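Structure assessment
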Amino acid sequence: MGRARSRAALAVAALLGALLTAGCDGSDTHADDQPTTAGSGTTSASPSASASDPPSSTPTLDPARAMEPPGPRTGQIAPSDIIVTGSKTLDESVVDAIRRLRGVTDVEQIALGQAVIENRALNVAAVDPATYRNYTPDGSAQTDDVWARVADGELALARSTAKKLPVDGNDFLRLGSAEDAPSVHIGAYAPQALEVDAVVNDTWIPDLDLTPGNALLIRTGGTAPITLRQPIKQLLRGTGSSVQMTDAIARYGLDPDVVQTAVVVGTIADAVGTFRYTVLGGGHIAPDPAWVAEHITTQTVPILGNVTCNKAIFPQLIAALQAVQAQGLADKIHPGEYAGCYYPRFIAGSTTLSNHAFGLALDLNTPGNQRGTVGEMDRDVVAIFKSWGFTWGGDWHYTDPMHFEMNRLVRPG
């Protein structure tokens, strides 16, 4: 019986290893999604720049972000069997108790949060590259250059993930939608552990507003992970943490039996707080009713009438729409073509949250402003919304000109 369970565990590990190298859309690994290092993080001009362009003001690598290099890899390479996520730093005594559970073979504690980038909530982890690497697919784990670059203060993510994000010509990625969100140089393209899109080293925790040690990657070896769910949940009682089985994540995208926990970082964090939800069919989610009661409300705003959004957005949304009226531009926004603000669902075809799930984005004049187009949105209206703390999707690398989202809190005087 024990040998059969071990063989089954190895089969699941092999399946997860294959799935972990797949793209976010569930497709097979792209040929160019093998581990590679990126540019050096210098201030050289974008490859598309001409000789007459002014010098780039791209940020450079910060020596303060560097930590001791990880050295040669040691230990077992295998994915986690259980993932714990929460909004608070897990007490050391609790983590030690989980480590001592019979059947638990390895525990890796990381900081995990969601940075919203162009309406996509990216799972960003701050890790110890020397030990976290063993939870990534074999090709990533075995490539020393990847983890040397993370130790140097750079970011690693799968190239297929990077293709969906606004990476500049110098391989810098801004981790957030706000203008003051930190830019991190991509040092390596390499697939990551399940439920992790991108990693940096632990020195980034303060600047990214991550919560230290709020997540665990747990291996159970030949022990069936499901038998450890309840003992782990008992030890985590009162922490609000989610305990997910990675075989269920591999099968369904997210463990459907678990209340999910998202900890949004950056400028909009105060407007979201800790976002807990359960997964429904058809891409829908059910946020914690207490979260909805605290954050979501319906108010009457100029031009559009009644709208349902996060209560944090209303002062600046109302101010922006009043400014649109004051400048004689009210006819440039069409109430009949408003497509809503609060959508408790994933981005279509994914298990990725958007700002609509938090009630912090709205879609206007939808017929003439489809994704991937220049759009017909009046640029004076756009300028007004930007002045009131909104990002416009028409500026994105893959445009979404109907979309406006809050990127900073602005309070009318």
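For every chain, the first residue of the written sequence is number 1, and numbering continues from 1 onward in sequence order. Residues qualify for local features only when their pLDDT is at least 70, as the model is predicted, and side-chain atom pairs are given and counted only at 80 or more; totals for whole chains, interfaces and linings, by contrast, use all residues. Excluded from the side-chain calculation are hydrogens and water; included are all heavy atoms of the structure.

- Under an unreviewed UniProt entry, the protein has the name M15 family metallopeptidase and belongs to Nocardioides hankookensis.

**Some remarks on the state of the cysteines**
- Disulfides are defined in this document as cysteine sulfur pairs within 2.5 Å. Applying the stated criterion across every chain yields a total of 1 disulfide.
- The disulfide bridge from Cys-309 ends at Cys-341, spanning 2.4 Å between sulfur atoms. Handedness of the Cys-309-Cys-341 disulfide follows from its S-S torsion of about 135°: it is right-handed. Pair noted here: Cys-309 is in strand S15 (residues 305–310) and Cys-341 is in the loop between helix H11 (314–326) and strand S16 (361–363), with a separation of 32 residues, a long-range link.
- Since its relative accessible area comes to 2%, Cys-341 is described here as buried. Each helix corresponds to a stretch of at least 4 residues labelled H or I by DSSP, and each strand to a stretch of at least 2 residues labelled E; elements are numbered beginning at the N terminus. Categorising residues by exposure relies on relative accessible area from a 1.4 Å probe, with only protein chains included: less than 20% of the type maximum marks a residue as buried, more than 50% marks it as exposed, and the intermediate range marks it as partly exposed.

**A short note on the sheet that holds strand S18 (residues 403–406)**
- At least two bridges found by DSSP between two strands is the condition for calling them paired. Judged by pairing direction, the sheet is antiparallel, and its 3 strands sit side by side in the order S16-S18-S17 without closing on themselves. The strands lining the two open edges of the sheet, one partner per strand, are S16 and strand S17 (390–392). The sheet shows a mean angle of 20° between the axes of neighbouring strands, direction not considered.
- In this structure, S16 lies alongside S18, joined through 3 bridges in antiparallel fashion. Paired with Asp-363 across the two strands is His-403, which belongs to S18.
- The criterion used for residue contact is that any of the two residues' heavy atoms lie within 4.5 Å. Note on method: axes are straight lines fitted to C-alpha atoms, helices fitted across the in-contact stretch only, with angles between N-to-C directions ranging 0 to 180 degrees. Strands S17 and S18 of the sheet are contacted by helix H12 (residues 379–387), whose axis makes an angle of about 145° with S17.

**Topic: the environment of Ala-320**
- If you trace the backbone, Ala-320 turns up in helix H11.
- Taking the C-alpha atoms as reference points, Ala-320 and Ile-384, 64 residues apart in sequence, are found 6.1 Å from one another.
- Once you skip the residues sitting within four places of it in the chain, Ala-320 turns out to touch Ile-384, Phe-385 and Trp-388.

**A look at the nonpolar core**
- Grouped together as the largest cluster of nonpolar side chains are 45 residues, with contacts concentrated most on Phe-275, Leu-353, Phe-385 and Phe-404.
- For this core, the elements supplying multiple residues, two or more each, are helix H9 (269–272), strand S12 (274–279), strand S14 (296–301), S15, H11, H12, S17 and S18.
- Examining the composition of this core, we find that 6 residues originate from one element, H11, more than from any other.
- Not counting residues within four places of it along the chain, the set of residues in contact with Leu-353 comprises Asn-119, Arg-120, Ala-121, Ala-262, Phe-275, Tyr-277, Ile-285, Phe-346, Ile-347 and Phe-358.
- Residues belong to a common nonpolar core when they are buried Ala, Val, Leu, Ile, Met, Phe, Trp, Tyr or Cys residues joined through side-chain atoms within 4.5 Å. Counting 23 residues, the second largest nonpolar core, distinct from the first, contains Ala-38, Leu-122, Val-124 and Ile-205.

**Focus: helix H2 (residues 92–100)**
- The set of residues buried in H2 consists of Val-94, Val-95, Ala-97 and Ile-98. Buried residues of H2 fall within an arc of 160° about the axis and therefore sit on the same side. In H2, those exposed residues whose orientation departs by more than 90 degrees from the buried face are Glu-92 and Arg-100.
- In this structure, the buried residues of H2 make contact with strand S3 (106–117), strand S9 (215–219) and helix H7 (226–235). The arc in question is formed by the directions pointing from the helix axis toward the C-beta atoms.

**A few points about the side chain of Arg-219**
- Take Arg-219: it is sitting in strand S9.
- Pairing of N or O atoms within 3.5 Å defines a polar contact, subject to two protein rules: one partner must be a possible hydrogen donor and the other a possible acceptor, and residues neighboring in sequence count only if both atoms are side-chain atoms. Of note is the side chain of Arg-219, whose polar atom sits 3.3 Å from the backbone oxygen of Gln-76.
- For Arg-219, the residues in contact, after removing those within four places along its chain, are Gln-76, Ile-77, Ala-78, Pro-79, Ser-80, Asp-81, Gly-103, Val-104, Thr-105, Asp-106, Asn-134 and Tyr-135.

**Things to note about the packing of aromatic side chains**
- In this analysis, rings of Phe, Tyr and Trp, with Trp reduced to its six-membered ring, are considered paired at centre separations within 6.5 Å, and the interplanar angle assigns stacked below 30 degrees, edge-to-face beyond 60, and tilted for intermediate values. Within this structure, the stated rule accounts for 7 aromatic pairs.
- Ring centres 6.1 Å apart and planes at 75° place the aromatic pair Tyr-277 and Phe-346 in the edge-to-face group. Of the two residues, Tyr-277 sits in strand S12 while Phe-346 sits in the loop between H11 and S16, which places them 69 residues apart along the sequence.
- Residue classification places Tyr-277 among the buried positions, given a relative accessible area of 5%.
- For Phe-346, a relative accessible area of 5% puts it in the buried group.
- Ring centres of Phe-385 and Phe-404 lie 4.6 Å apart, and the angle between their planes is 35°; this geometry places the pair in the tilted category. Taken together, the residues span a long stretch of sequence, with Phe-385 in helix H12 and Phe-404 in strand S18 at a distance of 19 residues. Note on accessibility: Phe-385 and Phe-404 belong to one class, buried.
- Among the aromatic side chains, those forming a connected cluster through ring pairs are Phe-275, Tyr-277, Trp-291, Phe-346 and Phe-358.
- Positioned above the aromatic ring of Trp-204, the side-chain terminus of Arg-65 is 4.3 Å from the ring centre.
- Two limits define a charge over a ring: the Lys NZ or Arg CZ must be within 6 Å of the ring centre, and within 35 degrees of the ring normal. Here the guanidinium or amino end of Arg-219 rests over the ring plane of Tyr-135, the centre of that ring lying 3.9 Å away.

**As for the sheet that holds S12**
- Spatial strand order, S11-S12-S13: 3 strands in an open sheet with antiparallel pairing. The open sheet terminates on both sides in strands that have one partner only, identified here as strand S11 (260–263) and strand S13 (285–287). Taken pair by pair, the neighbouring strands of this sheet meet at an average axis angle of 35°, ignoring direction.
- Summarising the sheet, S12 and S13 pair through 3 bridges and their orientation is antiparallel. Each residue of the ladder has a partner; that of Thr-278, found in S13, is Ala-286.

**Some points on the pattern of salt bridges**
- Salt bridges are defined by distance alone: a side-chain nitrogen of Lys or Arg within 4 Å of a carboxyl oxygen of Asp or Glu. This model, assessed by the stated rule, comprises 8 salt bridges.
- Across the salt bridge formed by Arg-149 and Glu-154, the nearest N and O atoms sit 2.6 Å from each other.
- The buried category is assigned to Glu-154, whose relative accessible area is 2%.
- Put simply, Asp-395 and Lys-386 hold a salt bridge, and the shortest N to O gap is 2.6 Å.
- Overall, the relative accessible area of 35% leaves Lys-386 in the partly exposed class.

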